[in-house]
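Structural overview
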Amino acid sequence: MDPIKDAVKSAAAKIADAAAPPAVPGKPGSGTPTVDEPTTPREPLPPSQEQGTPAPKSPTGASYATPPAANAQQGAYLTTSAGTRLRDTDHSLKAGPRGPILMQDHHFREKITHFDHERIPERVVHARGAGAHGVFTSYGTASALTRARFLQKDVETQVFVRFSTVLGSRGSADTVRDTRGFATKFYTEEGNFDLVGNNMPVFFIQDAIKFPDIVHAAKWHPDREIPQAQSAHDTFWDFVSLHTEAQHHTIWNMSDRGIPRSYRMMEGFGVHTFRLVNEAGETVLVKFHWKPKLGVHSLTWEEAQLAGGVDPDFHRRDLYDAIEAGAFPEWELGVQVFPDTPEETFAGIDLLDPTKIVPEELAEVQPIGRMVLNRTPTNFFAESEQVAFHLGQLPPGIDVTNDPLLQGRLFSYLDTQLTRLAGPNFNQIPINRPHVPVNDMLRDGFHQQAVHAGVAPYRPNSLDEGNPSVDKKDGFVDVPVRIAEAPKIRQNPVSFDDHFSQARLFWLSMSPVEQEHIIRAYSFELGKCYEQAIKERQLRCLARIDPVLCSSVAEALGLPVPAPDGPIAEVTGSPALSQIGHEWPADGRLIGIVADAGADLTAVGSVREAVFAAGMVPLLIAPHGGKLGPLDVQRTFATARSIEFDAILLAAAPPPAPDAVPARDEKAGAPGNGAVDPRVLLLVTEAWRHAKAIGAWDAGADVLAQAGVAGTPGVVTAAGATEALTAVQELLPAHRVWQRFR
Ligand code: HDE
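Residues numbered from 1 in each chain as written. Predicted model: local features only at pLDDT ≥ 70, side-chain atom pairs only at ≥ 80, totals over all residues.

What follows covers the overall build of the chain. Looking only at helices and strands, the chain has 17 helices and 20 strands in total. Classification of the 742 residues of the chain by burial places 40% in the buried group. Contacts spanning at least 24 positions in sequence make up 70% of the contacts within the chain whose residues lie at least 6 apart. (Helix = DSSP H or I, 4+ residues; strand = E, 2+ residues; numbered from the N terminus. Buried ≥ 20, exposed ≤ 12 C-beta atoms within 10 Å, placed from the backbone. Contact = placed C-beta atoms within 7 Å.)

The assigned domain composition of the chain is domain 1 (129-432), domain 2 (501-577) and domain 3 (590-740). Averaged C-alpha coordinates put domain 1 and domain 3 at centres separated by 37 Å. Listed by partner, the interface residues are 10 residues for domain 1 and seven residues for domain 3. Broken down by class, the residue content of the side of domain 1 that touches domain 3 amounts to five nonpolar, three polar and two charged. (Domains from an automatic or database assignment. Nonpolar A, V, L, I, M, F, W, Y, C, P; charged D, E, K, R; others polar.)

What follows concerns the nonpolar core. By size, the foremost hydrophobic cluster in this structure holds 103 residues, and its most contacted members are I251, I518, Y522, L542, I545, L549 and V553. Counting residues per element, this core draws most heavily on helix 12 (residues 532-545), which supplies six residues. Taken domain by domain, this core gets at least three of its residues from each of domain 1 (129-432) and domain 2 (501-577). If we skip the residues at most four places from it in the chain, Y522 touches M254, L542 and V553. In terms of nonpolar packing, the next biggest core, distinct from the first, is built from 50 residues, V604, L620, A652 and L725 among them. (Core = buried A, V, L, I, M, F, W, Y, C linked by C-beta atoms within 7 Å.)

In the region of the ligand, 25 residues are neighbours, and R123, H126, G181, A208 and V271 sit closest. For the shell around the ligand, the secondary-structure elements that each account for two or more residues are strand 2 (156-165), strand 3 (180-188), strand 4 (191-198) and helix 9 (404-420). At six residues, helix 9 tops the list of elements feeding residues into the shell around the ligand. Of the residues assigned to the shell around the ligand, the class counts are 13 nonpolar, nine polar and three charged. (Near = placed C-beta within 6 Å.)

A word on helix 15 (residues 678-689). The end-to-end C-alpha distance of helix 15 is 16 Å, a good match for the 16 Å that 12 residues give at a rise of 1.5 Å each. In terms of residue burial, helix 15 counts as a mostly covered element, since nine of its 12 residues are buried. Within helix 15, the full set of buried residues consists of P678, R679, V680, L681, L683, V684, E686, A687 and W688. Contacts made by the buried residues of helix 15 are with strand 13 (590-594), strand 18 (647-650), strand 19 (693-696), helix 16 (700-707) and strand 20 (715-717). A691 occupies a position one or two residues after helix 15 and carries a positive phi of about 60°. (Expected span 1.5 Å × (residues − 1).)

With that settled, consider the UniProt feature "domain: Catalase core" (unreviewed entry) in the chain. UniProt records the feature "domain: Catalase core" (unreviewed entry) at residues 79-467, using the numbering of this structure. A helix fraction of 21% and a strand fraction of 20% characterise residues 79-467, whose end C-alpha atoms lie 41 Å from each other. (UniProt positions renumbered as here; feature names shortened; annotations may be inferred.)

So, on to the pairing of strand 2. Among the 10 residues that make up strand 2, eight are buried, leaving the element largely enclosed by the rest of the structure. Pairing of strand 1 (residues 129-138) with strand 2, which is carried by nine bridges, proceeds in the antiparallel orientation. Paired with G134 across the two strands is V159, which belongs to strand 2. (Pairing = 2+ DSSP bridges.)

On to unusual backbone geometry. Residue P227 follows I226 across a cis peptide bond; omega there is -5°. Among the structural elements, P227 can be located in the loop between helix 3 (211-218) and helix 4 (234-242). That bond from N467 to P468 is cis: its omega, -10°, falls within 30 degrees of zero. Its location among the elements puts P468 in the loop between helix 9 and helix 10 (501-509). If you check the backbone angles, D154 has positive phi at about 65° while not being a glycine. Within the secondary structure, D154 sits in the loop between strand 1 and strand 2. The phi angle at E225 is positive, at roughly 50°, despite the residue not being glycine. Residue placement: E225 occurs in the loop between helix 3 and helix 4.

Its 13 residues place the ends of helix 14 (residues 601-613) 18 Å apart at the C-alpha level, agreeing with the 18 Å of an ideal helix rising 1.5 Å per residue. Listing the buried residues of helix 14 in full gives V604, V607, R608 and V611. Down the axis of helix 14, the buried set is contained in an arc of 105°. They therefore lie on one face. Facing away from the buried side of helix 14 by over 90 degrees, the exposed positions are T602, E609 and A613. The inward-facing, buried residues of helix 14 abut strand 13, strand 14 (617-622), strand 16 (631-632), strand 18 and helix 17 (721-731). Trailing helix 14 by a residue or two, G615 shows a phi angle of about 85°, which is positive. (Arc of directions from axis to C-beta.)

What follows is about the packing of helix 15 against helix 16. Where helix 15 contacts helix 16, the axes come no closer than 10 Å and their chain directions differ by 70°. Taken as axis vectors, helix 15 and helix 16 run roughly perpendicular relative to one another. Remark: the crossing between helix 15 and helix 16 carries right-handed chirality. Across the interface between the two elements, V680, L681, V684, T685 and W688 from helix 15 touch V703, Q706 and A707 from helix 16. Of the residues in the contact of helix 15 with helix 16, the class split is six nonpolar, two polar and no charged. (Axes fitted to C-alpha atoms, helices over the stretch in contact; angles between N-to-C directions. Parallel < 35°, antiparallel > 145°, perpendicular 65-115°, else oblique. Left-handed = near helix turned anticlockwise from the far one by under 90°.)

Before going further, it helps to examine the confidence of the model for the chain. Averaged over every residue, the pLDDT of the chain is 91; the share at 70 or more is 89%. Here residues 15-28 is modelled with pLDDT under 50, and outside its nearest four sequence neighbours on either side it reaches 10 contacts, counting other chains as well. Across residues 663-670, confidence stays below pLDDT 50; counting only partners more than four residues off in sequence or on other chains, it has 10 contacts. The ipTM value of the predicted complex is 0.98, and its pTM value is 0.92. (pLDDT = per-residue confidence, 0-100.)

The next point concerns the environment of L351. With respect to the secondary-structure elements, L351 resides in the loop between strand 10 (349-350) and strand 11 (366-375). Separated by 65 residues in sequence, L351 and V286 place their C-alpha atoms 9.1 Å apart. Excluding residues within four positions of it along the chain, L351 makes contact with T273, L285, F338, E344, T345 and F346.

So, about the pairing of strand 19. Note on strand geometry: in a regular strand, side chains alternate between the two faces of the sheet. Alternating residues of strand 19 divide into A693 and G695 and I694 and A696, and every residue in both groups is buried. When strand 18 meets strand 19, the two strands line up parallel, connected through four bridges. When the sheet's bridge partners are listed, A647 is paired in strand 19 with A693.

The subject of this paragraph is the sheet that holds strand 18. One open sheet accounts for six strands, arranged 17-14-13-18-19-20; its pairing is parallel. Strand pairing shows two members of the sheet lacking a second neighbour, strand 17 (635-636) and strand 20, which therefore form its edges. Set on the sheet, helix 16 makes contact with strand 13, strand 18, strand 19 and strand 20; between it and strand 19 the angle comes to about 130°.

Here you go:
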């Protein structure tokens, strides 16, 4: 007898027992699921290219064994984070089926501990956002102005864009009245370039030192943490009425620009003036503009409110769905170019003042490239959440100016990532990683991913033969701008004192409908304030912008109209700022088609095809999900809401469903005569109120009559499906049927 061999045998037998299925599959308590799961292990999807682990770099260029290609899921079997395969992940290790969990359950502890730490701090501003990947193709039109290689002719550069609201938390609604962030990371062949802009060309403050003030005022009240993602409250209006340089940005927020229809339909602005430098060392000053192919469009206030409840993810969903549908969002990047003079002004406008624009009529926006967003993130956290923008990430050929807001931002964006992404190595996170070799001398720190080799991470050195070298020819260019001899001083240039002329310029640029919306926005927001003194102070600011604006808002608030306490600027409007009166492609627009089993489904099928062929997205709305004849249903009367659609087509007049709200109740004032499903009537009346094109044929025409909208502007009754679609298509380039507003 060999006691050692026997012990090994008996242990092996126990392991074999444990490996055998413990009980009848599917039986509760047996350790196997009670519903069938797919049983053939398969590999997870491969990580995308830029999620690969970086090759370890040596300062001397020596190569090292490459570690496994990705930090993401690999292999077919579930493992611990240390790579050990697991037998069970559904039951904690207990002292008997009814006993307490054992401390030794290392898998339980790893699983729960990791989960407990899944969240990272949200961004202090711009916490709510959504991103997408794409490609930027340069036209080469800026090649005489800048040496930046990604702006040379036909160069293609990968990009990642993150759109955001400013004020709300990560879980807040998309359609609140707010400025939107428009931040682009260009993975250029000379390192990353981050263009971190907004959908409005000006900012609330002129000096970065005031950023905590505006943000504390605009975010929630510190005692109640309300409101969430709104500027309609006392502290915001207290600040902007006292701090009048904010008045220009504020009127942009109160305009329709504060409630965009879609991220796809927003302009983007670099806001600050940047400096471009070419091969010869010559410089110009520029302002960056993103122009959306689909034009600049907004929601109506009521749509924004409805979306906040019905679909708080409205913009995020729209971006994702559009890309998945192949309706790729597209922008042109353009620059306004100004001579780099010592005064840094153009047409009397101080180019270093971020509360000022240069009207496009004075300096045309010249297109320099095109960006198409064509891929949604694989993982929201890894990409949209962990992306870190930083204004100091500039390629050779683009430099900064002394705009005091820009100067402060150069500090803030690097600094904020240290807390948000927990350390200085955030550029090693896959989404932030440059698509070119990195050879820095930054070492160690939290979350270090690279295995740095070499013995001399310093310069000068002889041990690594002086490596890495600096590149005196193609390295980053700090333009040697002359700094005027001046005292150290906490003071702004006198030109920064003009706070109202461009707010008036903006007001005068708006069409009557847009002005009406601005009046209503101020009336709503100030109407939500409690403090009378704040409302009165803001009215005094409006008196400096325009008498009609001021008196209309005063009337809504029930307050006297103040006299302006200074001159009203003599300026003319900039027609380019108005969103109305132009025409844009209708690509990617969403067309809702209402039908039921009684409709001519062949015609409905053809109209869907025609919508697709026109580059738009048809969504079939039916009484129930699944199929309508041969057609797939995308929305039901229960899930469809007017806000989603740019136009409605009606192929039928569906009767009320048995489980619907009582169809006709005279006392409750329900619309219609009870013959049409009230949810369809609601869809149509809302679409009408929001000035959307509506077309109907066959029984669909009855819906128009029931909704009381037949024969009004932008409502078409046609002989057939094709004719209805054609008529609606003619209305879409104007975005809305503006005649419906007074
Ligand atoms: Fe930002 N801003 N900002 N900002 N900003 C941030 O950086 C800051 C300003 C903008 O999708 C933060 O990574 C200061 C102007 C966008 O990740 C923070 C000042 C413009 C985003 C920060 C400004 C912007 C941010 C928070 C005054 C338009 C979202 C998280 C000097 C031109 C980027 C982060 C994303 C984010 C600071 C003013 C746009 C704290 C100090 C002007 C689009 O660093």
